[in-house]
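What the coordinates show
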Amino acid sequence: MIAHSIEFFNVAELRDGVLYRFPLSVCDALQVPEHDANGKFLRIYTGHRASARALYGAELRFVTEAKRLAFCMEADGPVSLTAYNGDYQNAYYVAAPGKTEWNLERPAAVEGVKREAESRFSSKVWRISLSGDCNIRFIGICTEGNAEIRPPQADEEPRFRLLAYGSSISQGIGAPYSPLNYLNTAAQLLGIDILNKALAGGCFCEKETIDYLCGESFDAAYLEPGTNIADRPAEIIEERVGGLINAFCTRFPDKTIFIATPIRGLSDVSATASDYRENYAKTRRVICSEAKKYANAVLLDGHQILKNPYYLSADILHPSDFGHVRMGFDFAAMLAPHLNVTLK
């Protein structure tokens, strides 16, 4: 999205300045039935709507000749911010709830960076990464001397975009610093952009979500749908996960669709964790069966994305901080041959 001469990356809507990763109409449609152990309907679950409203993996990208600027925002909760000059990290800050004016300066040393010393982005591009489980309102960017700003040009940022949809594991839960979750780590190694639409507590493959995701601009897609839906009845898994895979593979026959089986965790690792052996078997069976139908589907073994159990956090589900980084390297190595790229 381009607004105010800024590229709002991984932002679907701006409403009264508030940044949303999913359109509010999609957020409000998220739901999945819950059942007891005997398959009896209990209620409609909507808890993942909060994850969809949260901002994660969003970036404001722009170019200006100004050496100094102030980024102004307002939030009703804490926000993690990281500023970059291209690929070079400039500053990190955790903003408290309320209004924030973050003063940034482009270091003189960055001015002399040569093209061969750049990776995904031109060093001219300012990137301000934001993540927070709250409403984040963009107020504005004030530049020194009122210098103009513009969005990055095509040759100043990655040309290849991978759309990702999955659970909290793919959203990045467990990574204390969001730019180092496994998808962002892989993106840096592959030299690509990641459009992270994963949902903590969600990924229930609603029709509204599928239609929205298929309307996004991307070059390949990565689907990790086998975790949170695994404890639902088989018919719901078949309908929803099957519908997700079918939609991507049939609507985009010329694009590679990477599909992961459940990532290692819970009873795969610990005898005292939640017993998901049967649950994971259900989603694995559906994912493998559906993926085999399509020539453009690439099936990824989730146990190879997270190879060693000690890369998990103590909940035996989410990757640890280093676990995310290690997963990023292994995930990138799995994708590289299909994307015809050499790891950076």
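Residues numbered from 1 in each chain as written. Predicted model: local features only at pLDDT ≥ 70, side-chain atom pairs only at ≥ 80, totals over all residues. Heavy atoms only, no water.

Things to note about helix 8 (residues 277-291)
Stated precisely, the cut-off is as follows: Helix numbers and strand numbers start at the N terminus; a helix is a DSSP run of H or I with at least 4 residues, a strand a run of E with at least 2. By this rule the span expected of a helix is its residue count minus one, scaled by 1.5 Å. Accessible area is worked out with a 1.4 Å probe on protein chains only. A residue is then buried under 20% of its type maximum, exposed over 50%, and partly exposed in between. Starting at the helix axis, one direction is taken to each C-beta atom, and the arc is that of these directions. Any two residues whose heavy atoms approach within 4.5 Å are treated as being in contact.
The terminal C-alpha atoms of helix 8 lie 21 Å apart, and with 15 residues this matches the ideal 21 Å at 1.5 Å per residue to within 8%. Buried within helix 8 are the following residues: Asn 279, Tyr 280, Lys 282, Thr 283, Val 286, Ile 287, Glu 290 and Ala 291. Down the axis of helix 8, the buried side of the element spans an arc of 155°, and every buried residue falls inside it. Exposed positions of helix 8 whose direction lies more than 90 degrees from the buried face are Arg 277, Glu 278 and Arg 285. Looking at the buried positions of helix 8, the neighbouring elements they touch are helix 7 (234-251), strand 18 (257-260) and strand 19 (297-300).

Structural notes on the pattern of salt bridges
As a working rule, side chains carrying opposite charge can pair if their charged atoms are close by. Filter applied, for reference: A pairing counts as a salt bridge when a side-chain nitrogen of Lys or Arg comes within 4 Å of a carboxyl oxygen of Asp or Glu.
Per the stated rule, a full pass over the model turns up 23 salt bridges. Between Arg 232 and Glu 34 there is a salt bridge; the shortest N-O distance is 3.8 Å. Taken as a pair, Arg 232 in the loop between strand 17 (220-224) and helix 7 and Glu 34 in strand 5 (residues 32-35) lie far apart in primary sequence, 198 residues in all. A salt bridge links Lys 307 to Asp 330, with the nearest nitrogen and oxygen atoms 3.9 Å apart. Of this pair, Lys 307 sits in the loop between helix 9 (302-305) and helix 10 (321-339) while Asp 330 sits in helix 10; the two residues are 23 residues apart in sequence, bridging distant segments of the chain. Residue Lys 307 is classed as partly exposed on the basis of its relative accessible area, which comes to 41%.

Details of the packing of aromatic side chains
Between two aromatic rings, the relevant description is the distance of the centres plus the angle of the planes. Applicable threshold: Only centres within 6.5 Å qualify two rings of Phe, Tyr or Trp (six-membered ring in Trp) as a pair; their planes then separate them into stacked at under 30 degrees, edge-to-face at over 60, and tilted for everything else.
Tallied over the full model, the rule gives 15 aromatic pairs. Look at Phe 62 and Trp 126: their rings are 6.5 Å apart centre to centre, the planes differ by 10°, and that puts the pair in the stacked class. Taken together, the residues span a long stretch of sequence, with Phe 62 in strand 7 (residues 55-64) and Trp 126 in strand 12 (residues 125-132) at a distance of 64 residues. One aromatic cluster is present, built from ring pairs that chain together Phe 8, Phe 71 and Phe 138.

Observations regarding the environment of Gly 226
Here Gly 226 lies in the loop between strand 17 and helix 7. The exposure class assigned to Gly 226 is buried, which follows from its relative accessible area of 1%. Between the C-alpha atoms of Gly 226 and Val 241, which are 15 residues apart in sequence, the distance is 8.0 Å. Apart from the residues lying within four places of it in its own chain, the contact partners of Gly 226 are Pro 262, Tyr 280, Thr 283 and Ile 287.

What about the nonpolar core?
The cut-off we apply is this: As used here, the term nonpolar core means buried Ala, Val, Leu, Ile, Met, Phe, Trp, Tyr and Cys residues forming a set that is joined through side-chain atoms within 4.5 Å.
Of all hydrophobic cores here, the largest spans 42 residues; its most connected members are Phe 22, Tyr 165, Val 241, Phe 248 and Ile 259. Of all the elements in the fold, those that place two or more residues in this core are strand 4 (18-20), helix 1 (24-27), strand 15 (161-166), helix 6 (207-214), strand 17, helix 7, strand 18 and helix 8. In terms of residue count, helix 7 provides more of this core than any other element does, 8 residues in total. Residues Ile 169, Tyr 182, Tyr 222 and Leu 312 belong to the second largest nonpolar core, which totals 33 residues.

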